[in-house]
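The primary structure of each chain is shown beneath.
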Amino acid sequence: QRWLLLWLLASSGIAFFWVKLLPGAFDPFVATKPYLNVPIFLAMFAVGCLLRLEEVLAVGRRWPAVIYGTSIQFTAMPLLSYFIGHAFGFDSITMLGVIMVGCVPGAMASNVLTLAAGGNVSYSVALTTLATMISPIAVPLALWLTLDITKNVNEQFDAIFGAVRFWKTAQALLIQVVLPVLLGFGLCRIWPRFERFAIRFGSHVANLAILWVIAVVVGLNRDRLGSVLGFRDGVLVFGELKLLIALLLINILGYLAGYLSGRVARLNDSMTRAVTLEIGMQNCGLGTALILQLFPGKDYEAAAIPTAAYTFLCVFTATILAHIWSRIPLGAVETPLSAEQNPASLLTQGD
């Protein structure tokens, strides 16, 4: 986890330059596209194995603050993606990817970076857990609403809007996200020996799976991604950075939404740091796989570029933010209000 950004750059760099380094050789990134549901399943299974029973119970015991943070995430991020995407005037395929960035749940890496930032890790894990478990309902609903608004102002979205069937999206998330999480969590509860093995290697499996998904997207979109990043025929030049600027705005404003929501709810500093990172970081590895599954045609492969690019950006910016916060002492913990006055106090009690 400490070197996640470095591994992300290395794996994606290999995928990007594969045909240049080994012309005519077998391309594993393109060849494994039909099987991307496997690494996503493995990643979420590993996440389920790594969930501790007390963290799952915390979701129920501290539900008001957890629901509060999760609702901010599934409200602020889709709206930011929608408005910023339209402000930049993206075409319908790119816009689909930008909207997907805002609609997926929080990233697993946010928990580790919350620890590095001196934030409340249990709150971060609870937010990630709840967002993941409700994703079969929250994600298709967010997609449906934002794409419906887009469809009404842009006829190019007719085909896209028709493809995003609510139950089809929910079923995909239920199978690829919730089911493996429950399987991993249940297996580790009844098989202690496997739990010890999973605790040791689970995070590596999850990270490698997500890295492979992103690398496949890079391999499928070498030419398109090259123009976005500034490459022409393998040479670095000043490229079209409009998409990266838009994604960076979504990321930074997502952090701001998380920070302000923490202050509005009068959360203490450690919890505010946790919700800030949770909202700004999105599980775009899942979003990438979801796009490729819901839109299997070659014409839609470019829609995965925003989700792949956002993975770089959110890990990079969150690492910087966590480093800055690690050098700033936490302020005095606010005296929590009663549960009747402030629901978030249910989470601060006992921490």
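Computed from a predicted structure; not experimentally measured. Chains are numbered independently. Their residues run from 1 in the order of the written sequence. Given that the model is predicted, a residue must reach a pLDDT of at least 70 before its local features are reported, and side-chain atom pairs must reach 80 or more before they are shown or counted; all residues, however, enter totals for whole chains, interfaces and linings. With hydrogens and water stripped out, all remaining heavy atoms of the structure feed into the side-chain values.

## Thoughts on the overall build of the protein
Threshold: Numbered from the N terminus, helices here are DSSP runs of H or I no shorter than four residues, and strands are runs of E no shorter than two. Remark: exposure states derive from per-residue accessible area (1.4 Å probe, protein chains only) relative to the maximum for the residue type, with buried under 20%, exposed over 50%, and partly exposed in between. By the convention used here, residues are in contact when the closest approach between their heavy atoms is within 4.5 Å. In this description, accessible areas are obtained by the Shrake-Rupley approach with a 1.4 Å probe, and a residue is regarded as covered only by the protein chains that are shown.
The number of helices and strands found in the protein is 18 helices and 2 strands. Counting across all 351 residues of the protein, residues that qualify as buried make up 54%. Contacts in the protein between residues far apart in sequence, at least 24 positions, make up 81% of those at least 6 positions apart. Surface exposure of the protein reaches about 15900 Å², of which carbon and sulfur atoms provide 69%.

## What about the nonpolar core?
To keep it simple, the criterion reads: The set of buried Ala, Val, Leu, Ile, Met, Phe, Trp, Tyr and Cys residues whose side-chain atoms join them within 4.5 Å is what this entry labels a nonpolar core.
Counting 97 residues, the largest nonpolar core has Tyr 123, Leu 247, Leu 277, Met 281 and Tyr 310 as its most contacted members. Counting residues per element, this core draws most heavily on helix 17 (residues 304-326), at 13 residues. For Leu 247, the residues in contact, after removing those within four places along its chain, are Val 101, Pro 306, Ala 309, Tyr 310 and Leu 313.

## Some remarks on the pattern of salt bridges
Put simply, the test is: Salt bridge, as applied in this entry: a Lys or Arg side-chain nitrogen positioned within 4 Å of an Asp or Glu carboxyl oxygen.
The tally for this structure, following the rule as stated, stands at 2 salt bridges. Here Glu 195 ties to Arg 189 by a salt bridge, and the two come within 2.6 Å at their closest N and O atoms. Among the residues examined, Arg 189 registers a relative accessible area of 29% and is labelled partly exposed. Measuring nitrogen to oxygen at the nearest pair gives 2.8 Å for the salt bridge that ties Asp 269 to Arg 263. Residue Asp 269 is classed as buried on the basis of its relative accessible area of 16%. Classification of Arg 263 by relative accessible area gives partly exposed; the value is 32%.

## With respect to the confidence of the model for the protein
Going by this rule: A score from 0 to 100, pLDDT tells how confident the predictor is in each residue.
Looking at the protein, the pLDDT average stands at 76 and 78% of residues meet or exceed 70. Mean pLDDT across the elements of the protein bottoms out in helix 18 (residues 345-348) (40) and peaks in helix 14 (residues 242-264) (93). Throughout residues 235-239 the model reports pLDDT below 50, and contacts reaching past four residues in sequence, or to other chains, amount to 10 contacts. Every residue in residues 332-351 scores below 50 in pLDDT, and together they form 32 contacts with partners more than four places removed in sequence or on other chains.

## Description of the packing of aromatic side chains
Definition in use: Between the rings of Phe, Tyr and Trp (Trp by its six-membered ring), a pair exists once the centres lie within 6.5 Å; its type follows the angle of the planes, with under 30 degrees stacked, over 60 edge-to-face, and the other angles tilted.
Going through the model one piece at a time under the given rule, you end up with 5 aromatic pairs. Centre to centre, the rings of Tyr 82 and Phe 83 are 5.1 Å apart; their planes meet at 80°, and the pair counts as edge-to-face. According to the relative accessible area criterion, Tyr 82 is buried, its value standing at 11%. Arranged with centres 6.2 Å apart and planes meeting at 35°, the rings of Phe 194 and Phe 197 form a pair that is tilted.

## Describing the packing of helix 3 (residues 37-50) against helix 12 (residues 192-220)
The geometry of a pair of packed helices is captured by two quantities: the angle between their axes and the separation between those axes. Which entries qualify depends on this criterion: What counts as an axis is a line fitted to C-alpha atoms, over the stretch in contact for a helix, and the angles between N-to-C directions run from 0 to 180 degrees. Each crossing gets its handedness from the near helix: less than a right angle anticlockwise from the far helix is left-handed, clockwise is right-handed. In the scheme used here, Gly and all other residues not listed as nonpolar or charged are polar, with Ala, Val, Leu, Ile, Met, Phe, Trp, Tyr, Cys and Pro taken as nonpolar and Asp, Glu, Lys and Arg as charged.
At a minimum axis distance of 8 Å, the contact between helix 3 and helix 12 shows a crossing angle of 145°. Classified by chirality, the crossing of helix 12 by helix 3 is left-handed. Taking contact as the criterion, the partners of Pro 39, Ile 40, Leu 42, Ala 43, Phe 45, Ala 46, Cys 49 and Leu 50 in helix 3 are, on helix 12, Phe 194, Ala 198, Ile 199, Gly 202, Ser 203, Val 205, Ala 206, Ala 209, Ile 210 and Val 213. Of the residues assigned to the contact of helix 3 with helix 12, the class counts are 16 nonpolar, 2 polar and no charged.

## Re helix 14
Selection rule: Helix span, as expected, comes to 1.5 Å for every residue beyond the first.
Here helix 14 is 23 residues long and its end C-alpha atoms lie 32 Å apart, about the 33 Å a rise of 1.5 Å per residue gives. Every buried residue of helix 14 is listed here: Leu 243, Ala 246, Leu 247, Ile 250, Asn 251, Gly 254, Tyr 255, Gly 258, Ser 261 and Gly 262. Downstream of helix 14 by a residue or two, Arg 266 has a phi angle that is positive, lying close to 60°.

## A short note on unusual backbone geometry
Its identity is not glycine, yet Arg 266 carries a phi of approximately 60°, on the positive side. Of note, Arg 266 is situated in the loop between helix 14 and helix 15 (269-280).

## Structural notes on a nonpolar patch on the surface
Applied cut-off: For patch building, the residue pool is restricted to those with more than 30% relative accessible area and no salt bridge; the joining distance is 9 Å between like charges and 5 Å between nonpolar side chains (Val, Leu, Ile, Met, Phe, Trp, Tyr).
Residues Leu 241, Ile 245, Leu 249, Leu 253, Leu 256, Tyr 259 and Leu 260 make up a contiguous nonpolar surface patch of about 540 Å² in total accessible area. Overall, the relative accessible area of 45% leaves Ile 245 in the partly exposed class.

## Digging into the packing of helix 14 against helix 17
The condition that has to hold: Any angle that is under 35 degrees is reported as roughly parallel, and any over 145 degrees as roughly antiparallel; angles of 65 to 115 degrees are reported as roughly perpendicular and all others as oblique.
Running from amino to carboxyl end, helix 14 crosses helix 17 at an angle of 45°, the nearest separation of the two axes being 9 Å. Taken together, the axes of helix 14 and helix 17 are oblique relative to one another. Relative to helix 17, the crossing made by helix 14 is right-handed. Contacts between helix 14 and helix 17 involve Leu 243, Leu 244, Leu 247, Leu 248, Ile 250, Asn 251, Tyr 255 and Tyr 259 on the former and, on the latter, Ile 305, Pro 306, Ala 309, Tyr 310, Leu 313, Cys 314, Thr 317, Ala 318, Leu 321 and Trp 325.

## With respect to the side chain of Asn 120
The test is simple: Any pair of N or O atoms that falls within 3.5 Å is considered a polar contact. Within protein, one atom must be able to donate a hydrogen and the other to accept it, and sequence-neighbouring residues count only if both atoms are side-chain atoms.
In this fold, Asn 120 is placed in the loop between helix 7 (109-116) and helix 8 (121-133). Asn 120 gets classed as buried once you look at its relative accessible area, which sits at 8%. At 2.9 Å, the side chain of Asn 120 and the backbone nitrogen of Tyr 123 are in polar contact.

## Details of the environment of Phe 201
Take Phe 201: it is sitting in helix 12. Judged by relative accessible area, which is 34%, Phe 201 ranks as partly exposed. The spatial distance from the C-alpha of Phe 201 to the C-alpha of Leu 50 is 9.6 Å, given a sequence separation of 151 residues.

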